[in-house]
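Architecture and fold: a report
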Amino acid sequence: MELSSTDDEHDPEGQTTAVDRSRTEALLSGAERHLEDLDAAEQRLKEGTYGVCEVCGCEIPRARLAVRPTARTCVDHAA
Ligand SMILES: [Zn+2]
């Protein structure tokens with residue numbers, strides 16, 4: 001039964017599972033970062049600084065906020 005143990009190591013389905021897992025972990029960490037951004041945006045809403053560029057203090061254009069509601073800077077100062 002040497003073949004079957006070799007098969008296990010090269011099981012294509014096992015590899016797919018590993019890829020899926022790392023992809024899911026990447027998605028999850030991205031979602032966590034997004035949640036932090038949302039928390040920060042909510043905090044700025046409370047402080048009345050939402051929609052104000054952190055760098056120059058100008059108003060972030062509404063069009064930019066529509067695309068990136070969690071944006072902290074104007075387009076000029078976007079990282
Ligand atoms: Zn700015």
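The following refers to the structure shown. (Residues numbered from 1 in each chain as written. Predicted model: local features only at pLDDT ≥ 70, side-chain atom pairs only at ≥ 80, totals over all residues. Heavy atoms only, no water.)

On to the layout of surface pockets. In this structure, the largest pocket spans a volume of roughly 170 Å³. Lining the largest pocket, in full, are Asp37, Glu54, Arg64, Arg68, Thr70, Ala71, Arg72, Thr73, His77, Ala78 and Ala79. Class assignment for the residues of the lining of the largest pocket results in three nonpolar, three polar and five charged. (1 Å grid on protein atoms, 1.4 Å probe; cavity = no way out; pocket = protein on both sides within 12 Å on 5 of 7 lines; lining within 4 Å. Points joined across faces, edges and corners; volume = space filled by probe spheres on them. Nonpolar A, V, L, I, M, F, W, Y, C, P; charged D, E, K, R; others polar.)

This brings us to the coordination of the zinc ion. Within the protein, the atoms that donate to the zinc ion are Cys53 (SG), Cys56 (SG), Cys74 (SG) and His77 (ND1), at distances of 1.9 to 2.4 Å. Classification of the site at the zinc ion as tetrahedral follows from its four donor atoms and the range of 99 to 118° in their angles at the metal. (Donors = N, O, S within 2.8 Å, 3.2 Å for Na, K, Ca; no water. Tetrahedral: all angles 85-135°; square planar, octahedral: opposite > 155°, others 65-115°.)

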